[in-house]
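# Tertiary structure, described
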Amino acid sequence: MKLLGLKTFRHGVHPPESKSATSGLAIRQFPFAPVLVIPLVQHMGRPSIAEVQEGQEVTRGQRIARADGFMSVSMHAPASGIVRRIALTPSISGRMVPGVFLEPYPGSTQEIADGTPCPLETATAEQIVAAIQDAGIVGLGGAAFPTHVKLAIPEGKSVDTLIINGVECEPYLTTDHRVMLEQRDDLFMGIRYLLKVTGAARAIVGIEANKPDAAEHLRAGLPDDLPATVEVLSVKYPQGAEKMLITALLGREVPSGGLPLDVHALCVNVATTAEIGRLLPRGRGIQERVITVSGPAVERKGNYRIPIGTPLRFLLEEVGVADDVNRVFLGGPMMGAAASTLDIPITKGTSGVVAFTDREAASTHRHVYPCIRCGYCLDACPIFLDPSQLGILALNGEHGRMAEEQHLMDCFECGCCSFVCPSHIPLVQQFRIAKRTVRKAKSAS
Amino acid sequence: MSRSTSTLEIRTSPHILSGHSVDTIMFNVVLALLPTTIFAIYAFGLAAVLTLATAVGSCLLTERLTGTSPQGSTLGDWSVTITGLLYGLTLPPGLPLWMVAVGGVFGVFVGKTLFGGLGLNTFNPALIGRAFLQAAFPGAMTSWVAGFAPGRFVSLPSSTLTPPLSQPIYDGITGATPLAAWKFERVATGSGELALGFVSGSLGETSSLLILLGGLYLIARNMMSWKIPLTILTTVVAFSGALHLIDSERYATPWLMLFSGGLMLGALFMATDMVGSPMTAKGTLIYSVVIGSLVVVIRTWGGMPEGVMYAILLGNALSPQIDRWVRPKLYGAPLRGRG
């Protein structure tokens, strides 16, 4: 559907964008921490298998862990240095996961090791998919789903449109915005690789209207032989969600429980695409990523290219934080996960680090009232669920009924319902808990 | 990081909220009712002050004594203050105060507490209180002390202070409401008088313009659905207008319908009560058309001159069912009828 001439999806919310503090700041290289911790689980899927031993020297860009099967990716050394130990490290999920503790050499030039190139012209689709897996590429928008798994299109399915997701609808985050402005050639190269793999006839880059400079910049540089267009969308959260973006651009609805492939579409984030275009020609792997560090508690806000494995504590000390820092979360404020400790490392899925002071944190400490059936959540839910009814069922512990009668499993936890609820009912939190119990019950039976 | 003892707070997303809150919405509804309240006091003087105070007081007290919440007093959400004020504004000036109190207690206890409190009350508690009085004291509920009496700020109508459990005696002039004048005598009131409120009627239903002003304030602050009042009022004008075109002798003008009785107050402040109205967009539309049509049907063919109260109560009763009928299609679900 269209709103004021710009395409968009139905429902959703308009949180304050809070992007102006960093949207104009160029990407800057971040220093190496004294110790980098590279978790072997940074993606959805099986943990990678370490290929280095304690005490071993590694070169920046060298592969240090290989994929364990198809649902897994490789890992690469973010710095030249020495592996001090391989041990458990805390992660954002709260679980301890195995990680490689790497001590960068202070005096090293930190040259990046090239691997076996995967040239666009000669590589087959299968070779490109394998190269993407070997480059350790996962969805950099935040989901960290292995990109090559998405690209392995099963027999009988086809893609007519490749969608490059430059929406970045989460408040505060400006990484995709900067990548589009500063890595245009990488992005176009990545689109070429993806078009070749998917066999799609065309690519559409979807960008929200709050980034007109990025849309203009991409349009101005579009090569004539690249079948790609740039589409500006009206600003609305959660337009960056795969399903919403497909509906906004193509008017197609991904079937409940299905995949974008079911409507002949495939969605890849701009930063992920740019990494494919940057890494594959030189056979390199991901060893750093662009992250927006922002929020009222951060002193030197900005967009930084940060080595994977940089501890959150080091990162915040480098940028400086206010004395009354209260809450730190990875990702944006709508879906980001709050850190329970600063000893967790930055991973491939970290698109942003946002820090709140006591003041912003306190604004979410609100008295919970009973549901007054205002219906705000029904108008906000992009999936057209009834969060009010789901909330009432959750309160009664009726998780099974939530799934069977109210389509609980279609909820992708965008947070719109909690955002608008004037009774401040923690709806999304209740739905997450319910989804877990439903999944557990399903796997048990 | 200088605060070495600092702790991190863990909360699940979202980490920002829209800022809407039940208590601020409800408080603003009270604010929006103030112009109407002040006009009621200006028109009916001391009687209005005492009636409104008794109405609000009896509702607050009942909620305080019977309302239960694990978090303590429920008065802080302002919802029962609205109930009390709205209830008071629907009453005839000069209604004995003991009756006012009885209706207030009944409305909150039966209309709200027994249903489970805020959010679970099927019906608008203010209208439950009024409906009870209408059934119990039909005479007193249709006796209208005329407004703008010369001594209204120093003296009370004799009926106001009637001792409990006895029937009131009306000494002054009791006027007919514009709707009753039309229904029983076929006398049409001028639309200027109607809009400005220089007519007989309940405390808060006389000045349509001030009610509209309060409603517009809430709509502007995104705290009230504009669809409900607009649809109700449009339905009333269209339906009664069509009737008037057919036979202007028998059927009142749409302007009389629009600006008289409790329609404005009901359409803007009672039908819009979030708890009793549907949650879906389509449901809201159906609900509003049902209420608007019922208002005209009851006023035209019913035994009473006014029907807003029963129209809204019926609309409240239908709301959950309407929502079930028009439930929107889930994103990505096959269209109905195809599976």
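Residues numbered from 1 in each chain as written. Chains lettered and ligands numbered in written order. Predicted model: local features only at pLDDT ≥ 70, side-chain atom pairs only at ≥ 80, totals over all residues. Heavy atoms only, no water.

## Observations regarding the environment of Ala47 of chain B
All names here are of chain B. Our working definition: Only DSSP runs of H or I reaching four residues or more are called helices, and only runs of E reaching two or more are called strands; each is numbered from the N terminus. In this analysis, two residues are considered to be in contact whenever any of their non-hydrogen atoms come within 4.5 Å of each other.
With respect to the helices and strands, Ala47 occurs in helix α2 (residues 46–66). Along the sequence, Ala47 and Ser159 sit 112 residues apart, while their C-alpha atoms lie 9.6 Å from each other. The residues contacting Ala47, other than those within four sequence positions of it, are Gly94, Leu156, Pro157 and Thr160.

## Points about the nonpolar core
Going by this rule: Only buried residues count toward a nonpolar core. Its members are Ala, Val, Leu, Ile, Met, Phe, Trp, Tyr and Cys residues joined through side-chain atoms within 4.5 Å. Buried residues are those whose accessible area, probed at 1.4 Å on protein chains only, stays under 20% of the maximum for their type, while exposed residues exceed 50% and partly exposed ones sit between those limits.
One finds Leu33 and Phe269 of chain B to be the most contacted residues of the largest nonpolar core, which totals 136 residues. The leading source of residues in this core is helix α1 (residues 22–44) of chain B, at 10 residues. Formed by 51 residues, the second largest nonpolar core is a distinct cluster that contains Ile128, Tyr193, Leu261 and Leu280 of chain A.

## Observations concerning helix α5 (residues 184–198) of chain A
We count it as follows: A helix's residues, less one, multiplied by 1.5 Å, set its expected span.
For α5 of chain A, built from 15 residues, the straight-helix expectation of 21 Å at 1.5 Å per residue is met to within 8% by its first-to-last C-alpha distance of 21 Å. Taken together, the buried positions of α5 of chain A are Asp186, Leu187, Phe188, Gly190, Ile191, Tyr193, Leu194, Leu195, Val197 and Thr198 of chain A.

## Considerations on the side chain of Ser288 of chain B
On the secondary structure map, Ser288 of chain B appears in helix α12 (residues 281–301). In contact with Ser288 of chain B, not counting residues within four places along its chain, are Lys227, Ile228, Thr231, Ile232 and Thr235 of chain B.

## Section: the pattern of salt bridges
The following threshold applies: By convention in these notes, a salt bridge is any Lys or Arg side-chain nitrogen within 4 Å of a carboxyl oxygen on Asp or Glu.
This structure, assessed with the given rule, holds 25 salt bridges over all chains. Note that Asp323 of chain B is salt-bridged to Arg373 of chain A, the shortest N-O span being 3.8 Å. Remark: Arg373 of chain A occurs in the loop between α10 (358–362) and α11 (376–380) and Asp323 of chain B occurs in helix α13 (residues 308–325); the pair is interchain, linking two chains. Among the residues examined, Arg373 of chain A registers a relative accessible area of 18% and is labelled buried. Taking the shortest distance from any N to any O, the salt bridge between Arg432 of chain A and Glu413 of chain A comes out at 3.0 Å. Of this pair, Arg432 of chain A sits in helix α15 (residues 427–444) while Glu413 of chain A sits in the loop between α13 (399–406) and α14 (416–420); the two residues are 19 residues apart in sequence, bridging distant segments of the chain. Beyond isolated ion pairs, a larger network of salt bridges with shared partners links Glu51, Arg63 and Asp134 of chain A.

## Quick look at helix α7 (residues 242–250) of chain A
Residues and elements named next belong to chain A. Counting buried positions along α7 yields eight of nine residues, so the element is predominantly enclosed. In the core, the buried residues of α7 are packed alongside β2 (6–7), β11 (161–166), β12 (202–208), β13 (228–233) and β14 (265–269). Within two residues after α7, Gly251 carries a phi angle of roughly 70 degrees, on the positive side.

## Comments concerning the sheet that holds strand β3 (residues 28–29) of chain A
Backbone hydrogen bonds are what pair the strands of a sheet, in a parallel or an antiparallel way. What counts is decided by this rule: Strand pairing follows a simple DSSP-based rule, namely that at least 2 bridges must link the two strands.
Strands sit in the order β3-β16-β15-β19-β17-β18 (chain A) across an open sheet of six strands; the sheet is mixed. Among the strands making up the open sheet, the edge pair consists of β3 and β18 (337–338) of chain A.

## Looking at a nonpolar patch on the surface
Residues and elements named next belong to chain B. Selection criterion: Only residues whose relative accessible area exceeds 30% and that take part in no salt bridge are eligible for patches, with like-charged residues grouped when within 9 Å of each other and nonpolar side chains (Val, Leu, Ile, Met, Phe, Trp, Tyr) grouped when within 5 Å. Using a 1.4 Å probe, accessible areas were evaluated by the Shrake-Rupley method; residue-level cover was limited to the displayed protein chains.
Among the surface-exposed residues, Phe27, Leu31, Leu34, Ile38, Trp78 and Tyr217 lie close enough to one another that they form a single nonpolar patch of about 500 Å² accessible area. Element by element, the count of residues in the nonpolar patch is highest for α1, at four residues. Here Leu31 is to be found in helix α1.

## A closer look at the packing of α2 of chain B against helix α4 (residues 97–113) of chain B
A pair of packed helices is characterised by two quantities: the angle between their axes and the separation of those axes. Residue and element names in this part refer to chain B. Test applied: Whenever a helix is involved, its axis is fitted only over the stretch in contact; in every case the axis is a line through C-alpha atoms, and angles between N-to-C directions fall within 0 to 180 degrees. Here a crossing is called left-handed whenever its near helix is offset anticlockwise from the far helix by less than a right angle, and right-handed whenever the offset is clockwise.
Packing of α2 against α4 brings their axes to within 8 Å, and their N-to-C directions diverge by 35 degrees. For the crossing formed where α2 meets α4, the hand is right-handed. Contact with α2, carried on its side by Leu50, Thr51, Thr54, Ala55, Ser58, Cys59, Thr62, Glu63 and Thr66, involves Leu97, Val100, Ala101, Gly104, Val105, Val108, Phe109, Lys112 and Thr113 of α4 and no other residues of that element.

## Details of the side chain of Thr198 of chain A
All names here are of chain A. Spelled out, the test is: Polar contacts, as used here, are pairs of N or O atoms within 3.5 Å; protein pairs need one atom able to donate a hydrogen and one able to accept it. Residues neighboring in sequence count only if both atoms are side-chain atoms.
Positionally, Thr198 belongs in helix α5. Since its relative accessible area comes to 9%, Thr198 is described here as buried. In this structure the side chain of Thr198 is engaged in a polar contact, spanning 2.8 Å, whose partner is the backbone oxygen of Leu194. Not counting residues within four places of it along the chain, the set of residues in contact with Thr198 comprises Leu151, Ile153, Val159 and Leu266.

## Examining the sheet that holds strand β4 (residues 36–39) of chain A
Taken in spatial order, the four strands of this open sheet run β4-β10-β9-β6 (chain A), and their pairing is antiparallel. Where the open sheet ends on each side, the last strands, each with one partner, are β4 and β6 (57–58) of chain A.

## Considering the packing of α4 of chain B against helix α5 (residues 125–136) of chain B
Residue and element names in this part refer to chain B. For clarity, the threshold we go by: Each angle is binned into one of four classes, with values under 35 degrees roughly parallel, values over 145 roughly antiparallel, values of 65 to 115 roughly perpendicular, and all other values oblique.
Closest axis-to-axis distance for the α4/α5 pair is 7 Å, and the angle between their directions is 130 degrees. Here α4 is positioned oblique relative to α5, judged by the angle of their axes. Like other packed secondary-structure pairs, α4 and α5 cross with a definite hand, here right-handed. Here α4 contributes Met99, Val102, Gly103, Phe106, Gly107, Gly111 and Lys112 to the contact with α5, which in turn contributes Pro125, Ile128, Gly129, Phe132 and Leu133.

Spatial relationships are all this shows, so hold off on functional conclusions.
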